[in-house]
Structures are given as structure tokens and as C-alpha cells.
Amino acid sequence: MDLAVVLIAARFALYLDLMLVFGLPLFSLYTLRTAGQRASVDVIRSSTISILLLAGIALSAFSFLLIAAVMSDVPVHEIDRDVLRAMLDETAIGTAAKVRTIALLAALPLSFLLRAKPRTWWALASGLGAVALGSLAWTGHGAATEGRVGLVHLAADIVHLLAAGVWIGAIAALFLLLARANKECDDPHDRAILAHRGLDDFSIVGTISVALLIVTGIVNSWILVGPANFLSLPASLYGRLLLIKLLLFAGMLGLAALNRFRLTPAIEGSLATGQSAAAVSSISYSVAVEAILAVAVLMLVAWIGTLDPLATTA
């Protein structure tokens, strides 16, 4: 198999994993405000985060090896050790890989030591997850831009990654929450209460994360493409993939708005009318479609990050 294809797949898996490492415990933090809401966030277990941490360590190491192989134009098993050592010690990609691995390794024992203190564990896991996720900015286009513009680009990339992690983590948590509600709650009214708690708590956080994604996305596009080149985007593979990504992102925005302004209020209204089953079914379908779109967007992000934005041909 082509190394470039394997690298794209590894990048996708690493992006998704680290966004979940960061976003899932963060979701628990801002939804667990009262003891009565504990049941609605119990789907985020320390064992789940531990598995994601282990996967993140493995994927980070594998991705680093693939980058070294692609840069050296050799198969993975033929990479020179001196090249690996030089990349680890003398490049930003190597430094980011070490920081990422240290953050993930530090979080692993905490899942066992702080099992009896979930809020403390979630806060530390989310913080270390943010460090690991933010380090991915040094493997993308943001780290290649020089000067003060480069600093702005890198900062925008990091904020973009974290905002995406908040959204992706929440989508995954809501999906698990709704699945648990449908499986364990026989009473549609109880399912509606669980669903409404998670959705309502995410509404403000979700609005902020979407706003940050839009602003930082504009900054990144302005630096990488420039307004003068927007009409020529279809001339390159990078541009076509970027346009598809924007369309999918627009679809996610539409679903998020539907959830926020129509389906979530509909669940609240159903609690009084007794028509909860249909309302929960609608929001479950919407969240599932949003999750599919999110996965597609991340796949495109993994691919786009390996392409030259300045290329004008396919």
C-alpha cells in the first residue's frame, strides 16, 4: 500500500483519538454541575479514556515513523536510526511528538489514581489531552509559515484543533448518552430528561466552539490561500478537498442549529405533553448524522494536511 495513503489514515485516526481524549472528559466537566446530572455523564468512563490514551501513544509513534519514511522516501522498516534520532531531536515535528507522548503517558496512571475523584480526573485528562491535541499543529501547515504571520497561523491552528475537539468530543458523548438512554431507560420520559440535560448543557459551549472554528478557519484560509486565490481553488486537489470540507462543515452547522433551536426545545416541550419518544428519536438521528459528517470532515483534514496549498494542478 502507498505510504502516503497509510499516513493519511494514521493522521485521521490520531486526530480523532486525541479529540476524543480532550473532548470527552471536558464534556463531563461542563455537564456535571449537580449531583442529579451524574447519570447523564456516567457514559464517560476512565477505562474508555485509558484505552484512547494507549491508542493515542501508539498512533503518535506510528505516525512519526510514517512521516520519517515519507520524508526519506523509504519503507518504514528501512528508516535509518540516525534519521529518526535527528528528527526527534532537531525538528519541530520531533519535539511535538515527544510532548504529545509525555502528555498521554502522564494521563494514564491518573485514570487509576483518581478513579474516586472523577471531576479532578476529568480536568487533568482534558488538560493533558489539550496539550496532546494542540501539538498536532506542529505537523501541519501552521508550523511551516514563517515570521509573525507564522505565529498567528500556528496559534489559529491550535485554537482550531481545540475547538474541533470540543465539538467532536461532545458529539461522541451525546451519541453515547442517547444510546445509553435508549438502551437502559424503559420510560420515554426518562430518556428525554437524559437527552435534554446533555444537549442543553452543550448549547453554550457548542456555540463558542463553532464561533472559534469559523474565525480560526477564516484566518487559516486567508494565510494559506488568500482571498485573491479563492476562485481558483477548484484548480487544485487541495482546493477541491477544502471546498468539500467546507460543504460538510456547513452541513454540520445546519444540524447543530437544528439541534440547538428546534430539536432540543422540542424535547423540553415533550416532557410536558408526554410525546417524548418521537422527540428523542429525532435528536438521536440528527446527532448520528452529525457524527458521520464529523468523521468525513476529519478524513478530509487528514488528507488536506499532506498537500501543498500553493499547488495549482491536481
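Structure first, text after, so check above.
The structure reproduced in this document is the subject of the present report. Just so we're clear, the structure is a prediction, and the values are computed from it rather than from any experiment.

## Some words on the overall build of the protein
Then, number 1: Summing up its helical and strand segments, the protein has 10 helices and zero strands in all.
Then, number 2: Along the chain direction, N to C, the helices and strands of the protein fall in the order α-α-α-α-α-α-α-α-α-α.
Then, number 3: Split into buried and exposed, the 314 residues of the protein put 47% on the buried side.
Then, number 4: Pairs at least 24 residues apart make up 79% of the contacts formed inside the protein by residues separated by at least 6 positions.
Then, number 5: Accessible surface for the protein amounts to roughly 15200 Å². Of this, 69% is attributable to carbon and sulfur atoms.

## Some points on the pattern of salt bridges
Then, number 1: Within the structure shown, the criterion is met by two salt bridges.
Then, number 2: Of the charged contacts, one joins R85 and D82 as a salt bridge, the two residues approaching to 2.8 Å between their closest N and O atoms. Of this pair, R85 and D82 both sit in helix α4 (residues 81–90), three residues apart, which is roughly one turn of the helix.
Then, number 3: A relative accessible area of 46% means that R85 is categorised as partly exposed.
Then, number 4: When the shortest N-O distance is used, the salt bridge between D89 and K98 registers 3.4 Å.
Then, number 5: Relative accessible area serves as the criterion here: at 36%, K98 is assigned to the partly exposed category.

## Side note on the nonpolar core
Then, number 1: In terms of nonpolar packing, the biggest core is built from 67 residues, with M19, L53, W121, W167 and F202 touching the most fellow members.
Then, number 2: Counting only elements with at least two residues in this core, the list comes to α1 (3–31), α3 (46–72), α5 (92–113), α6 (118–134), α7 (147–184), α8 (188–224), α9 (237–273) and α10 (276–304).
Then, number 3: Apart from residues lying up to four places away in sequence, M19 is in contact with L24, L133, L161, A164, G165, I168, G169 and L298.
Then, number 4: Core analysis: the next-biggest nonpolar cluster, separate from the first, contains 12 residues, L7, F64, A69 and M87 among them.

## Notes on empty space enclosed by the protein
Then, number 1: By the definition in use, this model includes one cavity of 30 Å³ or more.
Then, number 2: Size it by volume and the largest cavity reaches roughly 90 Å³.
Then, number 3: Together, R11, L14, Y15, S60, S63, F64, I67, I93, A97, R100, L136 and T139 line the largest cavity.
Then, number 4: Mapped onto the lining of the largest cavity, the elements with two or more residues apiece are α1, α3 and α5.
Then, number 5: The element best represented in the lining of the largest cavity is α3, accounting for four residues.

## Quick look at unusual backbone geometry
Then, number 1: Despite not being glycine, D73 shows a phi value in the positive range, around 60°.
Then, number 2: Inspection of the secondary structure assignment puts D73 in the loop between α3 and α4.

## A word on the packing of α3 against α4
Then, number 1: Running from amino to carboxyl end, α3 crosses α4 at an angle of 115°, the nearest separation of the two axes being 11 Å. Our classification of the angle between α3 and α4 gives roughly perpendicular. Taken as a pair, α3 and α4 cross one another with a handedness that is right-handed. Residues F64, L65, I67, A68, M71 and S72 of α3 form the contact with α4, whose own contacting residues are V83, L84, M87 and L88.
Then, number 2: When grouped by side-chain class, the residues that make up the contact of α3 with α4 number nine nonpolar, one polar and no charged.

## So, the layout of surface pockets
Then, number 1: By volume, the largest pocket amounts to about 760 Å³.
Then, number 2: Taken together, 34 residues line the largest pocket, and the ones lying closest to its centre are H160, G217, N220, K245 and V301.

## What about a nonpolar patch on the surface?
Then, number 1: Taken together, V159, I204, I208 and L212 make up a surface patch of nonpolar side chains, about 340 Å² in accessible area.
Then, number 2: Top contributing element to the nonpolar patch by residue count: α8, with three residues.
Then, number 3: The residue L212 is located in helix α8 in this model.

## Thoughts on α1
Then, number 1: The terminal C-alpha atoms of α1, which comprises 29 residues, lie 41 Å apart, in line with the 42 Å expected from a rise of 1.5 Å per residue.
Then, number 2: Summarising burial for α1: 22 of the 29 residues are buried, a large majority.
Then, number 3: Two or three places before A4, at the start of α1, stands the capping residue D2, its side-chain oxygen 3.1 Å from that residue's backbone nitrogen.

About the criteria used
- Residues numbered from 1 in each chain as written.
- Predicted model: local features only at pLDDT ≥ 70, side-chain atom pairs only at ≥ 80, totals over all residues.
- Heavy atoms only, no water.
- Helix = DSSP H or I, 4+ residues; strand = E, 2+ residues; numbered from the N terminus.
- Buried < 20%, exposed > 50% of the residue type's maximum accessible area, 1.4 Å probe, protein only.
- Contact = heavy atoms within 4.5 Å.
- Areas by Shrake-Rupley, 256 points an atom, 1.4 Å probe, with all protein chains shown as cover.
- Salt bridge = Lys/Arg side-chain N within 4 Å of Asp/Glu carboxyl O.
- Core = buried A, V, L, I, M, F, W, Y, C linked by side-chain atoms within 4.5 Å.
- 1 Å grid on protein atoms, 1.4 Å probe; cavity = no way out; pocket = protein on both sides within 12 Å on 5 of 7 lines; lining within 4 Å.
- Points joined across faces, edges and corners; volume = space filled by probe spheres on them.
- Axes fitted to C-alpha atoms, helices over the stretch in contact; angles between N-to-C directions.
- Parallel < 35°, antiparallel > 145°, perpendicular 65-115°, else oblique.
- Left-handed = near helix turned anticlockwise from the far one by under 90°.
- Nonpolar A, V, L, I, M, F, W, Y, C, P; charged D, E, K, R; others polar.
- Patch = residues over 30% accessible without salt bridge, like charges linked within 9 Å, V, L, I, M, F, W, Y side chains within 5 Å.
- Expected span 1.5 Å × (residues − 1).
- Polar contact = N/O pair within 3.5 Å; in protein donor to acceptor, adjacent residues only side chain to side chain.

That's the geometry; what it means functionally is another story.
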